[in-house]
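# Fold and geometry: a report
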Amino acid sequence: MEPVMAVAIGLLYASAIFLMLRRSIVKLVIGLMLLSNAANLLIFTSAGMTRGAPPLIPEGLTAPLGPVADPLPQAVVLTAIVIAFGVLAFAVVLIRRAYEIVKADDLDKMKETDT
Amino acid sequence: MRPEVALPVLLPLLSGALSLLFWRSLTTQRFIAVAGNIALLGVALWLLVSVSMDDYVVIQMGGWEAPIGITLIADMLSAVMIVLTGIIGLALAIYSLASTGPGHEKFGYYPLMHLLLAGVAGAFLTGDIFNLYVWFEVMLVASFALLILGGEKAQMEGAIKYVTLNLLASVIFLTAIGLTYGMVGTLNMADIAQRLAAAENQGMVEVLAVMFMIAFGIKAAAFPLFFWLPASYHTPPVAVSALFAGLLTKVGVYSLYRVFTLMFDQTLGYTQDLLLWGAALTMVTGVLGAAAQFEFRRILSFHIVSQIGYMILGLALFTPLAIAGGIFAVMHNIVVKTNLFLISGITRRLQGTYELKKMGGLYRERPWLAVAFFLSAFSLAGIPPLSGFFAKFVIVRAGIEAGAYVVTGVALAVGLMTLYSMVKIWNEVFWKALPEDNLVPVEQIVVGDDSRMVPASLWLMYLPVAVLALFALLIGLFAEPLMVAMNQIGDQLMNPQGYIEAVLGPEAGIEDALVESPDEEMTP
């Protein structure tokens, strides 16, 4: 499974970077979206994909019986998804406002603050 | 239980939540802003006292022992940074009372400011690498919203670059965290440090080190990753600019120091060279960029970049003295750079513009403001006996001792160029007469939404400026006791074993790390 995931993650990173290099701000935001998804998948995969049981401890014991899946990467990915969601919501509102004010979906028309 | 480690994070969150409760009452929000930041500064000083007595103050959140739970740890470096956060927070809260108009205040200016400070404090105190990422995001989201407060065209354009590049940095950071976890199976920084040292695949450790360097390099605005900063820092309301200039990039610098002294102290040969030349180029590009500008805040923005170079140089030289000098530079820069931005806000209030060509005559008109600017600007340039001199002196001395003559020479030359930029502002804003085309009586200048033009409130803007200028002077005059603290930071950072033992307990050793490798538990 890991090789398939590795290729998928690589494709996600590549297409994200490609989209971010475009001039359109809408594509820029889609690129950011793909980028955070790629990072989440990478955490998930690099932490080891095990076909273990859920990490639950039976009543009366202090350790799970037999091997279990590592719960930490899932907690990390979940946190990262929520953060990415919040940040993207902001980014989408930002490009909408920017489009209304600058009246162009083109990064080349947003060079006034550059030096 | 040591509550002083958690309180610098909890207090701003509490103040932020309270300000949200009083959304409709700006008076209450203003009161909470000042009171909350006084409390933050008090807690920060408490933390500093505890740390100077015990070296390390640690608490494990939720009672879960490290490396399972999230650790909050303060060493001398964290404590000093927290105190600076408190000082800047309080200065900005008072300054904002007069400088930030109701048009901005009623869209959540104060709650966002508290949230930003909570993120900054959390980043300084956490001992968990993923938790560091979370605090970075807290800080970023608050800064995004503050940056576009007011919604002018320039702010939108600046914000798109700021948001994109900072999110890119976050994703690189997150990717590096994921790969680190895949390698060592832990997120606790002290634990990671042990396990990375024992890792078989040292080539992969170098890859991780470079990924962290790029991620924090973008946050710290180091060459060649700084372009978001001069494109955006001059666009928001001036109090926001000052807050960003004082604290945000320094969190990136702090993270570089933390990660490279704790986790990656074994990949030095390769990464120190990169950091060294990165530092030199950061100094040069920043200062040359500033030389070409004639807008108050743009000049200052480029100088942020340039000064970051000195801080990274301290890390790159990697001797206790160099690290002490680097942290001295961070401390001095937070105070002085914030103050320069605050002064630019006052001059804008007085003359209605940030363009140097249209300003003038303030030395005659406001001599005390000129003195405050003089102290801050010449401190930035490194004129003795002001604070910047000692930062530069220590770094240059460490550079000569380490034999890095070229980079040290660059640091000295950049100091001269900094002086040029500061003298340029001095001449244009304070020395020369007010030009003919700006003879509008001061009271009639419409300064836009970010000012209420109440003359009586001006003292609220002068007060923090005066105090911070005094700090710039005092840091220089009392450099000796401060240098003792800085040397302690240098020692602590160069000997990470103390940090590791403080987090994991005194019996922690590499043998333990090898025995309970998590992979064995996980494989079915």
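Residues numbered from 1 in each chain as written. Chains lettered and ligands numbered in written order. Predicted model: local features only at pLDDT ≥ 70, side-chain atom pairs only at ≥ 80, totals over all residues.

An unreviewed UniProt entry annotates chain A as Na(+)/H(+) antiporter subunit C originating from Halomonas chromatireducens. Per its UniProt entry, chain A bears the Sequence similarities (unreviewed entry) comment "Belongs to the CPA3 antiporters (TC 2.A.63) subunit C family." We quote the UniProt Subcellular location (unreviewed entry) comment for chain A here in full: "Cell membrane". (UniProt positions renumbered as here; feature names shortened; annotations may be inferred.)

### Some remarks on the overall build of chain A
Counting secondary structure elements, chain A contains three helices and zero strands. In chain A, the succession of helices and strands from N to C terminus is α-α-α. Radius of gyration (C-alpha) of chain A: 20 Å, far over the 13 Å computed for a compact globule of 115 residues. In terms of principal-axis extent, the alpha carbons of chain A reach across some 65 × 30 × 20 Å. Scored against the burial criterion, the 115 residues of chain A give a buried share of 26%. (Helix = DSSP H or I, 4+ residues; strand = E, 2+ residues; numbered from the N terminus. Rg over C-alpha atoms; globule rule 2.2 N^0.38 Å. Buried ≥ 20, exposed ≤ 12 C-beta atoms within 10 Å, placed from the backbone.)

### Brief notes about helix 18 (residues 405-431) of chain B
Here helix 18 of chain B contains 27 residues, and its C-alpha end-to-end distance of 37 Å stays within 8% of the 39 Å for a straight helix at 1.5 Å per residue. Listed as buried for helix 18 of chain B are Val407(B), Thr408(B), Val410(B), Ala411(B), Val414(B), Gly415(B), Thr418(B), Ser421(B), Met422(B), Ile425(B), Val429(B) and Phe430(B). (Expected span 1.5 Å × (residues − 1).)

### Quick look at the interface of chain B and chain A
Taken together, the contact between chain B and chain A spans 34 residues of the former and 35 residues of the latter. Contributing elements (two or more residues each) for the side of chain B that touches chain A: helix 6 (129-147), helix 7 (153-184) and helix 10 (228-232) of chain B. Per-element accounting of the side of chain B that touches chain A gives the leading share, 17 residues, to helix 7 of chain B. Of the residues that constitute the side of chain B that touches chain A, the class distribution is 19 nonpolar, 11 polar and four charged. (Contact = placed C-beta atoms within 7 Å. Nonpolar A, V, L, I, M, F, W, Y, C, P; charged D, E, K, R; others polar.)

### A word on the UniProt feature "transmembrane region" (unreviewed entry) in chain A
Residues and elements named next belong to chain A. Sequence positions flagged by UniProt for "transmembrane region" (unreviewed entry) are, in local numbering, residues 6-21, 28-49 and 75-95. Across residues 6-21 one finds 94% helix and 0% strand; the C-alpha atoms that close the span lie 23 Å apart. Between the C-alpha atoms that bound residues 28-49 the distance is 31 Å, and the span itself is 86% helix and 0% strand.

### Side note on the nonpolar core
Residue and element names in this part refer to chain B. One finds Met-139 and Ile-312 to be the most contacted residues of the largest nonpolar core, which totals 239 residues. With 18 residues, the top contributor of residues to this core is helix 7. Once residues lying within four places of it in the same chain are set aside, the contact partners of Ile-312 are Ala-222, Val-253, Leu-256, Leu-275, Gly-278, Ala-279 and Thr-282. (Core = buried A, V, L, I, M, F, W, Y, C linked by C-beta atoms within 7 Å.)

### Things to note about the environment of Ala8(A)
Residue placement: Ala8(A) occurs in helix 1 (residues 2-20). Along the backbone, Ala8(A) and Leu21(A) are 13 residues apart, and their C-alpha atoms lie at a distance of 20 Å.

### Some points on the packing of helix 2 (residues 25-46) of chain A against helix 3 (residues 72-102) of chain A
All names here are of chain A. In the contact formed by helix 2 and helix 3, the axes pass within 10 Å of each other and the chain directions differ by 175°. As judged from the angle between their axes, helix 2 and helix 3 are roughly antiparallel. Counted together, Ile-25, Val-26, Val-29, Leu-32, Met-33, Ser-36, Ala-39, Asn-40, Ile-43 and Phe-44 of helix 2 and Pro-73, Val-76, Val-77, Ala-80, Ile-81, Ala-84, Leu-88, Ala-91, Val-92, Ile-95, Ala-98 and Tyr-99 of helix 3 form the full contact between these two elements. When its residues are assigned to classes, the contact of helix 2 with helix 3 shows 20 nonpolar, two polar and no charged. (Axes fitted to C-alpha atoms, helices over the stretch in contact; angles between N-to-C directions. Parallel < 35°, antiparallel > 145°, perpendicular 65-115°, else oblique.)

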